[in-house]
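# Fold and contact review
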Amino acid sequence: MTEPPLPGRTLGARTLSAAQWRLGTSLVQGLLQFATGVLLARLLPPRDFGLVALALVVTGLATLVADLGLGPAIVQRRDLTPRHLRTAFSASILLGLGITALVALLAPVAGVLLASPQLPGVLAVQSLLFVMGAFGVVPRAILQREMRAGALFTVSVTSYVVGYAIAVTALALAGFGVWSLVWGSLIQTGLESVLALAIARPPLKPLLGRPELRDLLGYGAKASLNAIVNYFARNGDNAIVGRVLGAAALGLYGRAYNLMLLPLSHLGGATIAVLFPALAEVQNDKPRLKRGYLLAVQFTALVAAPVMTGMAIAAPHMVVTLYGARWSGMVPALQVLCAAGLFRAVYHLAGAVTAASNRLGEETRRQFVYAALVIVGGIAGTRWGVTGVAVGVSLAIVYMYVAMSSLALRISEGTWGEFLAVQAPGVALAGMVGAAALAARLAMERLGAGDGAIFLAILAASALAMPAGVYLLPPRVRPVALFDRLAPNVARLPRPLQFAMVRVLRLSPDAGRLP
């Protein structure tokens, strides 16, 4: 287990291949989640989503405790033996059983604390997530460590389509209401674990070796503590909205946050999933560490900035078109959160640097401050409803952008000048896409068009502005190094698309990469 598969391939080649698969996985899963979310929003009321979001406040925390960071420890550890894997698998199962029992027992207490009489029943059933998910901790970590992104694609997409999209939709159509969301998450988690086990085939013979457990928990406990603190930051706002404003308001706020997060989580998740193991291999090579981090920031900003800008402009018509008029109360909160979207997407990349370099303690201190700011901002914002909460959370996100980026730059020996410079292309592209989207929206509104027609016009204008904006990027901010990295992939595209990409990215056919 000390060597990755296909040892003849360089780290760069394996990283590029994994990145292609992860981005493909994220694109497919993101589209599926978007379509499923639109359909379920038509079938179920905001209150059902709010109740499940309240349950997630509890189950999300328990999930982080359930494996004590054993998965990340397997990815990060340089020397990994079968005994480490057997110990991690056995410990994960025991922890999963314990957390399942604990959540079921404490469900009535959570119902009282979060002022939701229906919550205990939902939590009692959802507690099964932990024992079902425990079987997948080690095999998923193995697949990530070995950058077997094709296998991860199969696991993620199959479990989501069969276990969630189809199951939840069928149950919702059958009239199961909130329970369709509950049972769907259980089916998805169980199927994901089964598929990961079948593909990775880790050693399953029980073992709890003290030296191996100590090796894994030395890193895993820090990763778990860091994730727990981050959990309070990510879910403190949900708890506050649900407790103060009610389940219906939480349904609106949660839908706004998740819609903003949908493109970012898949883009960022794919990038981090590839970046973490890649940077772990070069953690002591500062120039390569910095180069990998800054390229990831540049790519993320180039995609996230224009997407968030377009979404904020389209929000009033997009929400009504996709979800219906009863969800229109989420629009102002969605626009505020989109304004903070780029900051969130970029600061998450710093986590790959701290994790790869085993500097999680320094990140955890920043996570504590972030969590406190989210909670304080959320409480203060409830005076102005879900939009006020969104403002408070967005200010906390900006703090985290500064704090985490400073840490990642210090670890990788980068500078703020370099960091801001690589984000300039994304900001410039966002300005061009935003101008096109706003012009389309204003023109269609002036014509008196309906919400659906206006949304489609904004979507079309943004889609056309993206490649045009990339082509028109001024030379001083044009990400030449990033585009050069993409050239080998462009060469494998079908001829018409290859021709278009060469022109848009201004690649040189005689660079030896394109036929």
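In what follows, the accompanying structure is described. Every chain's residues receive numbers from 1 upward, in the order its sequence appears when written. Predicted model: local features are reported for residues with pLDDT of at least 70 only, side-chain atom pairs are reported and counted for 80 or more only, and whole-chain, interface and lining totals are derived from all residues. To obtain the side-chain values, all non-hydrogen atoms of the structure were used and water was disregarded.

## A short note on the overall build of the protein
Cut-off, in case you're wondering: By definition, any uninterrupted DSSP run of H or I lasting at least four residues is a helix, any uninterrupted run of E lasting at least two residues is a strand, and each is numbered from the N terminus. Using a 1.4 Å probe on the protein chains alone, a residue whose accessible area is under 20% of its type maximum counts as buried, one over 50% counts as exposed, and one in between counts as partly exposed. Only heavy atoms matter for contacts: two residues are in contact if any of them lie within 4.5 Å across the pair. The Shrake-Rupley method, run with a 1.4 Å probe sphere, supplies the accessible areas, and residue values consider only the shown protein chains as cover.
A count of helices and strands for the protein gives 20 helices and 0 strands. By residue count, 55% of the 515 residues in the protein fall in the buried class. Looking at the protein alone, contacts between residues at least 24 apart form 83% of all its contacts between residues at least 6 apart. Here the protein has roughly 21,300 Å² of accessible surface; of this, 69% comes from carbon and sulfur atoms.

## A look at helix 8 (residues 149–173)
Filter applied, for reference: Helix span is expected to be 1.5 Å times the residue number reduced by one. What the bend at a residue measures is the angle between two axes, fitted to the seven residues ending there and to the seven starting there.
Under the 1.5 Å per step criterion, the end-to-end length of helix 8 is 34 Å for 25 residues, consistent within 8% with the ideal 36 Å. Helix geometry: helix 8 is bent most strongly at Val161, by close to 35 degrees. Looking one or two places after helix 8, you find Gly175, whose phi comes out positive at around 90 degrees.

## Considerations on the pattern of salt bridges
Formally: By salt bridge we mean one thing: a side-chain nitrogen of Lys or Arg within 4 Å of a carboxyl oxygen of Asp or Glu.
For the coordinates displayed, the defined rule picks out 6 salt bridges. The residue Lys290 makes a salt bridge to Glu418 at a minimum N-O spacing of 3.1 Å. Separated by 128 residues along the polypeptide, Lys290 in helix 12 (residues 286–323) and Glu418 in helix 17 (residues 416–446) bring together distant segments of the chain. Of the residues examined, Glu418 reaches a relative accessible area of 28% and is grouped as partly exposed. Taking the shortest distance from any N to any O, the salt bridge between Glu362 and Arg410 comes out at 3.3 Å. Taken together, the positions of Glu362 in helix 15 (residues 360–381) and Arg410 in helix 16 (residues 385–412) put the pair 48 residues apart, joining distant regions of the chain. On the basis of relative accessible area, Arg410 is assigned to the partly exposed category, the value being 47%.

## Here we look at helix 20 (residues 495–505)
Buried within helix 20 are the following residues: Gln498, Val502, Val504 and Leu505. Phi turns positive, to about 55 degrees, at Arg506, one or two residues after helix 20.

## Quick word on the environment of Tyr401
The cut-off we apply is this: Side-chain atoms alone can form a polar contact between residues adjacent in sequence; in general such a contact is a pair of N or O atoms within 3.5 Å, and within protein one must be able to donate a hydrogen while the other accepts it.
Structurally, Tyr401 can be placed in helix 16. With 52 residues separating them along the chain, Tyr401 and Leu349 place their C-alpha atoms 9.9 Å apart. Apart from residues no more than four positions distant in its own chain, Tyr401 is found in contact with Phe343, Val346, Tyr347, Phe419, Leu420 and Gln423. Polar contacts involving the side chain of Tyr401 include one to the side chain of Gln423, which spans 2.9 Å.

## Considering the side chain of Ser193
Within the fold, Ser193 resides in helix 9 (residues 178–200). Contacts of Ser193, omitting those with residues within four sequence positions, involve Met132, Gly133, Phe135, Gly136 and Arg140.

## Comments concerning the packing of helix 12 against helix 14 (residues 341–356)
To keep it simple, the criterion reads: Fitting a line to C-alpha atoms yields each axis, with helices limited to the stretch in contact; the angle taken between N-to-C directions then spans 0 to 180 degrees. To sort the angles, those under 35 degrees are grouped as roughly parallel, those over 145 as roughly antiparallel, those from 65 to 115 as roughly perpendicular, and the leftovers as oblique. Left-handed is the label given to a crossing in which the near helix is rotated counterclockwise from the far helix by less than a right angle, and right-handed is the label when the rotation is clockwise. Residues are grouped as follows: Ala, Val, Leu, Ile, Met, Phe, Trp, Tyr, Cys and Pro are nonpolar; Asp, Glu, Lys and Arg are charged; all remaining types, including Gly, are polar.
Contact pair helix 12 / helix 14: the axes reach a minimum separation of 9 Å and the direction vectors enclose 160 degrees. Here helix 14 runs roughly antiparallel to helix 12, going by the angle between their axes. Helix-helix and strand crossings are classified by hand; for helix 12 and helix 14 the assignment is right-handed. Between helix 12 and helix 14, the residues in contact are Leu289, Tyr293, Ala296, Val297, Thr300, Ala301, Ala304, Ala305 and Met308 and Gly341, Leu342, Ala345, Val346, Leu349, Ala350 and Val353, respectively. For the contact of helix 12 with helix 14, the per-class residue count stands at 14 nonpolar, 2 polar and no charged.

## Brief notes about the packing of aromatic side chains
What counts here: The aromatic pairing rule takes the rings of Phe, Tyr and Trp, using the six-membered ring of Trp, and pairs them if the centres are within 6.5 Å, calling planes under 30 degrees apart stacked, those over 60 edge-to-face and the rest tilted.
Evaluation of the coordinates by the stated rule reveals 10 aromatic pairs. For the ring pair Phe89 and Phe135, a centre distance of 6.1 Å and an interplane angle of 70 degrees mean the geometry is edge-to-face. Taken together, the residues span a long stretch of sequence, with Phe89 in helix 4 (residues 82–113) and Phe135 in the loop between helix 6 (128–134) and helix 7 (137–145) at a distance of 46 residues. Taking the relative accessible area as the measure of exposure, Phe89 reaches 8% and is therefore buried. Seen from their ring centres, Tyr401 and Phe419 are 5.8 Å apart, and the 40 degrees between their planes marks the pair as tilted.

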